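Geometric and topological summary
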Amino acid sequence: MSSHEQERHQLSVRAGRWTLEHLRQIEQRPCSITLRDSDWQDLEASRRTIAETLAAGQVTYGINTGFGRLAQTRIDGDKLGQLQRNLILSHATGVGEPLDDATVRLVLALKVNGLARGYSGVRPEIIRNLLAFLDHDLLPRVPAKGSVGASGDLAPLAHLSLPLIGEGRVRLAGHEMPSAEALQKIGLQPLELHAKEGLALLNGTQVSTALALRGLLRAERNFNAALIAGALSVEAALGSRTPFDARIHAVRGQQGQIAVAEIYRRLLGSSDIGSSHVNCDRVQDPYSLRCQPQVMGACLDHMRFVAQILVRESNAVSDNPLVFAEQGDILSGGNFHAEPVALAADSLALAIAEVGALSERRTALLVDASLSQLPAFLVAEPGLNSGFMIAHVTAAALASENKSLAHPGSVDSLPTSANQEDHVSMATYAARRLGEMNDNVQHIVAIELLAAAQGIDFRRPLTTSPRLEEAHRKIRQVAATWQQDRYFAPDIEAVAALIDAGELGDWVGGYLV
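Given the structure is predicted, the values throughout are model-derived calculations rather than measurements.

1. A look at the overall build of the protein
Across its full length, the protein holds 20 helices and nine strands. In terms of C-alpha radius of gyration, the protein reaches 26 Å, essentially the compact-globule figure of 24 Å for 513 residues. Each principal axis of the C-alpha distribution contributes one length, and for the protein these read about 85 × 50 × 40 Å. A burial count over the protein gives 57% of its 513 residues as buried.

2. What to know about the packing of helix α17 (residues 389–405) against helix α18 (residues 427–458)
The contact between α17 and α18 brings their axes to 9 Å, and the two run at 155 degrees. What the angle tells us is that α17 and α18 run roughly antiparallel. α17 and α18 meet at a crossing whose hand is left-handed. Together, Ala391, Thr394, Ala395, Leu398, Ala399, Glu401, Asn402 and Leu405 of α17 and Arg433, Glu436, Met437, Asn440, Val441, His443, Ile444 and Ile447 of α18 make up the contact between the two elements.

3. Here's the deal with the nonpolar core
Core analysis: the largest hydrophobic core is formed by 156 residues, its most contacted members being Ile33, Phe223 and Leu449. When residues of this core are assigned to their parent elements, the largest contribution, 18 residues, is made by helix α9 (residues 206–236).

4. Quick word on the side chain of Ser465
Positionally, Ser465 belongs in the loop between α18 and α19 (466–478). Since its relative accessible area comes to 1%, Ser465 is described here as buried. Of note is the side chain of Ser465, whose polar atom sits 2.5 Å from the backbone oxygen of Leu267. The contacts of Ser465, once residues within four sequence positions are left out, are Glu235, Leu267, Leu268, Gly269, Ser270 and Ser271.

5. Description of the environment of Leu512
Among the structural elements, Leu512 can be located in the segment after α20 (489–500). On the basis of relative accessibility, which here comes to 13%, the residue Leu512 falls in the buried class. Spatially, the C-alpha atoms of Leu512 and Arg221 are 9.5 Å apart, while their sequence positions differ by 291 residues. Those residues within four positions of Leu512 in sequence are excluded, and the remaining contacts are Glu220, Phe223, Asn224, Leu227, Ile263, Leu300 and Arg304.

6. Notes on the environment of Glu326
With respect to the helices and strands, Glu326 occurs in the loop between β8 (322–324) and β9 (329–331). For Glu326, a relative accessible area of 80% translates into the label exposed. It is 9.0 Å that separates the C-alpha atoms of Glu326 and Thr49, two residues lying 277 residues apart in sequence.

7. Re the packing of aromatic side chains
Taken as a whole and judged by the stated rule, the model has five aromatic pairs. A connected cluster of aromatic rings, assembled from ring pairs, spans Phe388, Trp482 and Phe488. Above the face of the Trp40 ring, Arg128 is positioned so that its terminal group lies 4.9 Å from the ring centre.

8. Things to note about α20
The periodicity of an α-helix, 3.6 residues per turn, causes residues three or four positions apart to be oriented the same way. Here α20 contains twelve residues, and its C-alpha end-to-end distance of 16 Å stays within 8% of the 16 Å for a straight helix at 1.5 Å per residue. Buried within α20 we find Asp491, Ile492, Val495, Ala496, Leu498 and Ile499. Mapping the buried residues of α20 onto a view down its axis gives an arc of 150 degrees, with all of them on the same face. For α20, the secondary structure elements touched by its buried residues are α9, α18 and α19.

9. Some words on unusual backbone geometry
Here the amide bond leading from Asn320 into Pro321 is cis, since omega sits at -5 degrees, within 30 degrees of zero. Relative to the helices and strands, Pro321 is located in the loop between α14 (292–314) and β8. Between Arg460 and Pro461 the backbone carries a cis peptide bond, its omega angle lying at 15 degrees. Summarising the element assignment, Pro461 is placed in the loop between α18 and α19.

10. Considerations on the pattern of salt bridges
Scanning all chains against the criterion turns up 26 salt bridges. Here Arg141 makes a salt bridge to Glu176, at a shortest N to O gap of 3.8 Å. Of this pair, Arg141 sits in the loop between β4 (139–140) and β5 (143–145) while Glu176 sits in strand β7 (residues 175–178); the two residues are 35 residues apart in sequence, bridging distant segments of the chain. When its relative accessible area of 39% is taken as the criterion, Glu176 is described as partly exposed. Asp319 is paired through a salt bridge with Lys196; the nearest N and O atoms lie 3.0 Å apart.

11. Quick notes on the sheet that holds β4
Read across the open sheet, the three strands follow the order β4-β6-β7; overall the sheet is antiparallel. Either end of the sheet is taken by a strand with one partner, and the two such strands are β4 and β7. Sheet topology places β4 next to strand β6 (residues 169–172); two bridges connect them, and they run antiparallel. When the bridges of β6 are listed, Pro140 appears paired with Val170.

Procedures and definitions
- The numbers attached to residues start from 1 for each chain and follow its sequence in the written order.
- Two thresholds apply to this predicted model, a pLDDT of at least 70 for residue-level local features and 80 or more for giving and counting side-chain atom pairs, whereas whole-chain, interface and lining totals are computed over all residues.
- Only hydrogens and water are removed before side-chain values are computed, so all heavy atoms of the structure are retained for them.
- A helix here means a DSSP run of H or I that spans at least four residues, while a strand means a run of E at least two residues long, and both kinds are numbered starting from the N terminus.
- Atoms considered for the radius of gyration are the C-alpha atoms alone. The globule rule reads 2.2 Å times the number of residues to the power 0.38.
- The buried label applies to any residue whose accessible area, calculated with a 1.4 Å probe on protein chains only, is under 20% of its type's maximum; exposed applies above 50%, and partly exposed to all values in between.
- Axes, fitted as lines to C-alpha atoms, cover a helix only where it is in contact. Angles between the N-to-C directions of the axes lie from 0 to 180 degrees.
- If an angle is under 35 degrees, it is roughly parallel; if it is over 145, roughly antiparallel; if it lies from 65 to 115, roughly perpendicular; otherwise it is oblique.
- Throughout, a crossing is termed right-handed when the near helix is turned clockwise from the far one, and left-handed when it is turned anticlockwise from it by less than a right angle.
- Here a residue-residue contact requires only that any non-hydrogen atoms of the pair lie within 4.5 Å.
- What we call a nonpolar core is a set of buried Ala, Val, Leu, Ile, Met, Phe, Trp, Tyr and Cys residues that are connected through their side-chain atoms within 4.5 Å.
- A 3.5 Å cut-off defines polar contacts: any pair of N or O atoms within that distance qualifies, except that in protein one atom must be a possible hydrogen donor and the other a possible acceptor, and neighbouring residues in sequence count only when both atoms are side-chain atoms.
- Any two of the Phe, Tyr and Trp rings considered here, Trp counted by its six-membered ring, make a pair once their centres fall within 6.5 Å; the pair's planes then place it as stacked at under 30 degrees, edge-to-face at over 60, or tilted in between.
- Charge-over-ring placement is defined geometrically: NZ (Lys) or CZ (Arg) within 6 Å of the ring centre, and within 35 degrees of the ring normal.
- Here a helix's expected span is defined as the number of its residues, less one, multiplied by 1.5 Å.
- Each C-beta atom gives one direction from the helix axis, and the arc is the one those directions make.
- We count a salt bridge whenever a side-chain nitrogen from Lys or Arg sits within 4 Å of a carboxyl oxygen from Asp or Glu.
- Strand pairing is assigned whenever DSSP identifies at least 2 bridges connecting the two strands.

Below, the structure written as structure tokens:
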């Protein structure tokens, strides 16, 4: 089902009060957003302050001056509209593939949220048109590359803003077309920008934040699937339940670890497979089985921390200068610097990499007959059949890629704008690379789910726990038991699609972040 055919979310929420659940709904499918009356009143007050400043003849950065290193240049009053239009056109320098629809939808929503706080000095018409874009799922074409995450996400936000003035290209009802044509189809006219409006649209961390949010929400789905995969692997490899005992985790006191151990206990429950090896002579399991609560719990703690930062930034006012209507002040600062998002994205990258690394190790264990006590490479007649041999190699390749991708983006800074912007965050790259990392983990975990399901099949007629049997059935609905070698890639993609759709989350208790 294409995005324009999906059921539409209806959200009514005060600007600056959005939760992760609101953001999750926006990411999942098209939405319409209704602001509160008080938001519109704040917008009017902010705009009056801009008008009063111009009437008084005050020189104020971003309102009647140039930008960046050109801030010392005063602009005549009759050219202020042209100044704002020129700003958008000149800054639309992005390159590369366009951002996906879900990310652009988030960027639009975050831009509405920030501007509607009433500290940016834009007219209500700007907000109404952005809300109309969301209503009609009119999504600007935003190239992914070109921002260093310092003076806001200037280039990508310029591309986001082009349709407001009838420029650029958009996707409407799943079809790409010129913005002017799309505006006509939804009954809008291009806007003439007023003082400060172009700058307010371009300044801000919304692209970096949306990319990081998308990374977080996808990591959440992968994390849930990895918990299911890990529990199935414990059963397939005849692993012990003792490492998940609540007492072990309580004395350490790490909250993520405690939560994850509880989920594993719930998933594993009691089963025929578990009962079949209670008195076996194995003393301890490898760490990839035994230390799952410790590793996955630490990842969960990081994900929850990142969620706090990103929800905060999603509600932030991050353009410049800021208008404080109550005091009549217009202040220039640096809220557009995306360091909080960069550091959060780097932290999330580490968690994503570790989830994949642990999953790859469990697949390695399962295909190794000396460790798993299963047929070599999880197939009958190994030798004639290669089974999961190269599927594991793929998982290893992806896990290794993520090691390089996890290198922090925030430690890199390249000065721009003739050294006016002499320290940059690189948040946009730090957040954007999370997409590739999540793609890798999604496929690593899909391979483990297939391997663990195959291991469970080799334990028949014994059964696993009721919850894991349900998960096993879900896998088998899209990928049959491996009787002999066949074309493997479609099975991996089919299970990866289950993960991406969040169809394995219910068995771990829904969203954990």
